[in-house]
Amino acid sequence: MTAVDEAPIDDEPAVRRPRRRPAPPANPFFRFVFPLLVIGAGLVVFLLWREGTKAVLDTTDGEDVPVVTDPDAPGFLAFAVPTPTLLIAHTDDADQLVGVSVLARTAGDDGGSLTILSPDLLIDIEEDVILDVAYAAGGIEALEAAVAEWMGMGFTDEPMVMTTERLTGFFELIQPIPFVLVDDLVVDDGAGGIEVVIESGGRGFDAAELASVYGWRNAGEPDATRFNRQLDVWEAWLAEIRAAENPIDATLPFIDGLPPHLRAMGTGTADIELAPMAPFWIDPDDPIYALREEDSSWPTDRRIETVTLPVGYEPGALPTVQLLDGTGDVANRNAALPRVVAAGGEVFIIGNAWESDVAETFVAYHLVENEPVATAFAERMGVPVVFDENANEVVDLTVTIGLDA
């Protein structure tokens, strides 16, 4: 029996409720005139807000500037949409890092890229930064910071910790998954021999089995072997998404995080690459890996190749750039975009200059203190630099593409 159903207790004094008294009749002013005044005042405030906002948008330094909505017209400006990027830390049941994945989607979500990194990868010899050590010391935040600085870009999506259980959940959407396991996965049987846990061969793997394969490392096995197994698992995963009748059902119906990356690569193009690492023999019994000397520019090259519009790996790490076409053909601006990114710019705004006959591509800076950054940036692009003072400019630099592009 609930409280409301209980009978009153005889010896408990009843609660006396105050009697309701009728309200006195309202003054006609407050009944009829005052509401109209409130409505009228609200309308005035709205009109003032609308006109004030329009004035702010349409003026710069007191001069009227028309709002341009045609992407091909002079004076058009729009915020650039960064390339969607995601960092995944793959972990085992003991929260040990077993793999790192960097994903990026194309602008039309018709493809994407996957870069696979080993947890034993030494990314900074001077600072002795190894990925699994960074993760053990500071978790996903430390890993994200290390990879972001190494590749020279930030990530637009929240970094993801992919546990074996979580990976199993993704695989359950499309199991069984055809997969060829090259080697037996084994454990010590405690009697000097080995016990086969997962047999090698090709068959349809269930979700939990394939999730275990991803992070497995046999005793004494170099991480390069596990590294290549992870590549095989990703390829099998994406192949099943591609074969699915409904890619949304095969990936979960979310518009952020991992699912849209899976759909983009599963239904479109998939650029998958392993970091070109080589053994770095600090401890012969437990080698770590590093990039070969000839591959020292690979992190930057990979970023430029796969991330059209990167974001800075931390605030202020990259100068923000406004990229304008000064030729009358926006194709020239689009073609110059990789040059701007390669020079180390974070493209914040794209658009068109008011002139369509700019002879020479140039870099402009708008605050005196940005001169060193602008000079170095212009040198990397191989173009001149000018000072165009504008304390209200929202970007650090403006790059105008000329007819010499």
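All values derive from a computational prediction rather than experimental measurement. (Residues numbered from 1 in each chain as written. Predicted model: local features only at pLDDT ≥ 70, side-chain atom pairs only at ≥ 80, totals over all residues. Heavy atoms only, no water.)

1. As for helix H8 (residues 330–342)
Part 1 of the reasoning: The first and last C-alpha atoms of H8 sit 19 Å apart over 13 residues, in line with the 18 Å expected at 1.5 Å per residue.
Part 2 of the reasoning: Approximately 35° is the largest bend angle found in H8, and it occurs at Ala 336, with the proline Pro 338 only one to four residues beyond.
Part 3 of the reasoning: On its buried side, H8 packs onto helix H7 (298–306), strand E17 (320–325), strand E18 (346–352), helix H9 (371–381) and strand E21 (397–401).
Part 4 of the reasoning: Count one or two residues on from H8 and you reach Gly 344, which has phi positive near 100°. (Helix = DSSP H or I, 4+ residues; strand = E, 2+ residues; numbered from the N terminus. Expected span 1.5 Å × (residues − 1). Bend = angle between axes of the 7 residues up to and from the residue. Contact = heavy atoms within 4.5 Å.)

2. Things to note about helix H5 (residues 223–243)
Part 1 of the reasoning: Compared with an ideal rise of 1.5 Å per residue, which puts 21 residues at 30 Å, H5 spans 31 Å between its outermost C-alpha atoms and is within 8% of the ideal.
Part 2 of the reasoning: Those residues of H5 not exposed but buried are Asp 223, Arg 226, Phe 227, Arg 229, Gln 230, Leu 231, Val 233, Trp 234, Ala 236, Trp 237, Leu 238 and Ile 241. (Buried < 20%, exposed > 50% of the residue type's maximum accessible area, 1.4 Å probe, protein only.)

3. Remarks on the pattern of salt bridges
Part 1 of the reasoning: Scanning the model with the defined rule gives 11 salt bridges in all.
Part 2 of the reasoning: For the salt bridge of Arg 105 with Asp 109, the shortest nitrogen-to-oxygen distance reads 2.9 Å.
Part 3 of the reasoning: According to the relative accessible area criterion, Arg 105 is buried, its value standing at 11%.
Part 4 of the reasoning: A residue is classified by how much of its surface remains accessible, and Asp 109, at 38% relative accessible area, is partly exposed.
Part 5 of the reasoning: Each member of the salt-bridge network shares a partner with another, and the members are Asp 120, Arg 217, Asp 223 and Arg 226. (Salt bridge = Lys/Arg side-chain N within 4 Å of Asp/Glu carboxyl O.)

4. Looking at the packing of aromatic side chains
Part 1 of the reasoning: Using the criterion set out here, one finds seven aromatic pairs in the structure.
Part 2 of the reasoning: Centroid distance Trp 234 to Trp 237: 4.9 Å. Interplanar angle 25°. Geometry classified as stacked. Note that Trp 234 and Trp 237 are positioned in helix H5 at a spacing of three residues, about one turn of the helix. In this pair, the class of Trp 234 matches that of Trp 237, namely buried.
Part 3 of the reasoning: The interplanar angle of 35° and the centroid separation of 5.0 Å between the aromatic rings of Tyr 365 and Phe 387 together place this pair among those described as tilted. Of this pair, Tyr 365 sits in strand E19 (residues 362–365) while Phe 387 sits in strand E20 (residues 385–387), and the two are 22 residues apart along the sequence.
Part 4 of the reasoning: By relative accessible area, Tyr 365 is classed as buried at 9%.
Part 5 of the reasoning: Look at Phe 387 and you get partly exposed, because its relative accessible area is 39%.
Part 6 of the reasoning: Between the NZ or CZ atom of Arg 203 and the centre of the ring of Phe 205, over which it lies, the distance is 4.2 Å. (Phe/Tyr/Trp six-rings, centres within 6.5 Å; stacked < 30°, edge-to-face > 60°. Lys NZ or Arg CZ within 6 Å of the ring centre and 35° of its normal.)

5. Quick notes on the confidence of the model for the chain
Part 1 of the reasoning: In the predicted model, the chain carries a mean pLDDT of 85, and 83% of its residues have values of at least 70.
Part 2 of the reasoning: For residues 1–63, every residue scores under 50 in pLDDT, and the model assigns this stretch 17 contacts once sequence neighbours within four places are set aside. (pLDDT = per-residue confidence, 0-100.)

6. Some remarks on a nonpolar patch on the surface
Part 1 of the reasoning: A surface patch of nonpolar side chains, amounting to about 320 Å² of accessible area, comprises Phe 79, Phe 348 and Val 394.
Part 2 of the reasoning: You can see Phe 348 is positioned in strand E18. (Patch = residues over 30% accessible without salt bridge, like charges linked within 9 Å, V, L, I, M, F, W, Y side chains within 5 Å. Areas by Shrake-Rupley, 256 points an atom, 1.4 Å probe, with all protein chains shown as cover.)

7. Thoughts on the packing of helix H3 (residues 164–171) against helix H4 (residues 207–215)
Part 1 of the reasoning: Across the interface, H3 lies against H4 with an axial gap of 8 Å and an inter-helix angle of 130°. Relative to H4, the element H3 is oriented oblique. When you trace H3 past H4, the crossing you get is right-handed. Residues Thr 164, Leu 167, Thr 168 and Phe 171 of H3 form the contact with H4, whose participating residues are Ala 207, Ala 208, Leu 210, Ala 211, Ser 212 and Tyr 214. (Axes fitted to C-alpha atoms, helices over the stretch in contact; angles between N-to-C directions. Parallel < 35°, antiparallel > 145°, perpendicular 65-115°, else oblique. Left-handed = near helix turned anticlockwise from the far one by under 90°.)

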